[in-house]
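# A look at the structure
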Amino acid sequence: MRRSARLFPPVAALALAGCRHGPQSTLDPAGPAAEAIARTWWLMAGGAAAIWLLVMGCVVYALLRGRNTRALRNPQRLIVAGGLVLPTAVLLALLAWGTATSGRVTGLGQRPDHAIEVVARQWTWEFRYLDDAGRVLARSADVLYLPRGEMVEFRVVSEDVVHSFWIPRLGGKVDAVPGRVNLLRLRVDDDGGRPIRGQCAEFCGLEHTRMAFPVQVMAPAGWRAWRDAGGTEGRAP
Ligand SMILES: [Cu+2]
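Right, let's walk through the structure included here. The structure displayed is predicted, hence computed values, not measured ones. (Residues numbered from 1 in each chain as written. Predicted model: local features only at pLDDT ≥ 70, side-chain atom pairs only at ≥ 80, totals over all residues. Heavy atoms only, no water.)

## Some details on the coordination of the copper ion
Each pair of donors in an ideal four-coordinate tetrahedral metal site encloses 109.5 degrees, whereas pairs in an ideal six-coordinate octahedral site enclose 90 or 180 degrees. Put simply, the rule is: Think of the donor list as every N, O and S atom within 2.8 Å of the metal, or within 3.2 Å for Na, K and Ca; water never makes the list, so a site can look incomplete. Angle rules define the geometry names used: all angles between 85 and 135 degrees makes four donors tetrahedral, while opposite donors over 155 degrees apart and all other angles between 65 and 115 make four donors square planar and six octahedral, leaving every other case irregular. Secondary structure elements follow DSSP: runs of H or I no shorter than four residues count as helices, runs of E no shorter than two count as strands, and numbering proceeds from the N terminus. The buried label goes to any residue with under 20% of its type's maximum accessible area, the exposed label to any with over 50%, and the partly exposed label to all in between, with areas taken from a 1.4 Å probe on protein chains only.
The coordination sphere of the copper ion contains the protein donors His163 (ND1), Cys200 (SG), Cys204 (SG) and Met211 (SD), at a distance range of 2.1 to 2.6 Å. Bound by four donor atoms, the copper ion shows angles of 88 to 123° at the metal and therefore tetrahedral coordination geometry. Read in sequence order, the donor residues for the copper ion give the motif H-x36-C-x3-C-x6-M. On the criterion of sequence distance, the pair formed by His163 in strand 6 (residues 163–166) and Cys200 in strand 9 (residues 196–200) is long-range, its members being 37 residues apart. Grouping residues by exposure puts His163 and Cys200 together as buried.

This is the structure:
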């Protein structure tokens, strides 16, 4: 075996391990929306690998079969099965799975326990913690405080250009578009004691890279007390 081939398995394992854990890893989900995304990712990666193996198996079979054997008796059967039936079945199954998953990813249809307004501007995030009437109880800048186990509705807006609000360990991203309020519902269930970090996922100017923020997960009672007291770090930007 060549040296590079011998090195491949440990390097691949290391690379995958790096994906698995990290403050911005979609493969280390900490809530139901991110879990649905990760499950879909693994399903698609597994499916793609299975189809690749199937095709490679056909290639190897064709090469070993050589020229001397007779041609396929019904070549159109292979084309109909492999070129029409299989892709149609796989794409229909993926469509059904994706449709069923999208409700979990956006959280729409689920009752939120709290609401946080997310204001994006070059190059900072402001989080406004609202009461049921929509009044601001607390603010934080570039740090997001979340109660564990409770569904939070994020109302995402922008004050200048298009940004994108993304916390990979909690769920999908949603754009912050000037003049619009986009909704996303996320919950932190189990962060595994590892840090969670959010990031602007839309290039929004020269200091776009600065638009990252840690997520502090708190016990619900402590979080509520913190919010109702106006937030200890509630500096307005
Ligand atoms: Cu941005």
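Moving on from the model shown.
## A word on helix 2 (residues 32–65)
Selection criterion: Expected span of a helix, by definition, is 1.5 Å for each gap between consecutive residues, and there is one gap fewer than residues. Contacts are residue-level and defined by heavy atoms, with any inter-residue pair within 4.5 Å sufficient.
If you check helix 2, its first and last C-alpha atoms are 49 Å apart, about what 34 residues at 1.5 Å a residue would give, namely 50 Å. For helix 2, the secondary structure elements touched by its buried residues are helix 3 (75–106) and strand 8 (182–186). Directly beyond the C-terminal end of helix 2, a positive phi value near 75° is found at Gly66.

## Section: the sheet that holds strand 7 (residues 174–176)
Here is the rule we go by: Strand pairing is assigned whenever DSSP detects at least two bridges linking the two strands. Here an axis means a line fitted to C-alpha atoms, over the contact stretch when the element is a helix, while the angle between two N-to-C directions is reported on a 0 to 180 degree scale.
Read across the open sheet, the five strands follow the order 4-10-9-6-7; overall the sheet is mixed. Looking along the sheet, the strands with just one partner apiece sit at the ends: strand 4 (144–147) and strand 7. The average angle at which neighbouring strand axes cross in this sheet is 30°, direction not considered. Two strands pair when backbone bridges link them, and strand 6 and strand 7 are joined in this way by three bridges, in the antiparallel orientation.

## Here's the deal with a nonpolar patch on the surface
Cut-off, in case you're wondering: Patch construction takes residues with relative accessible area above 30% that form no salt bridge. Like charges are linked within 9 Å, and nonpolar side chains (Val, Leu, Ile, Met, Phe, Trp, Tyr) are linked within 5 Å. The Shrake-Rupley method, run with a 1.4 Å probe sphere, supplies the accessible areas, and residue values consider only the shown protein chains as cover. We define a salt bridge as a contact between a side-chain nitrogen of Lys or Arg and a carboxyl oxygen of Asp or Glu at a distance within 4 Å.
Side chains of Ile51, Trp52, Leu53, Leu54, Val55, Met56, Val59, Leu63, Leu86 and Val90 sit close together on the surface and give an oily, nonpolar patch of about 900 Å² of accessible area. Elements with a contribution of two residues or more to the nonpolar patch: helix 2 and helix 3. Among the elements that take part in the nonpolar patch, helix 2 stands out by supplying eight residues, more than any other. The class of Val59 is partly exposed, set by a relative accessible area of 37%.

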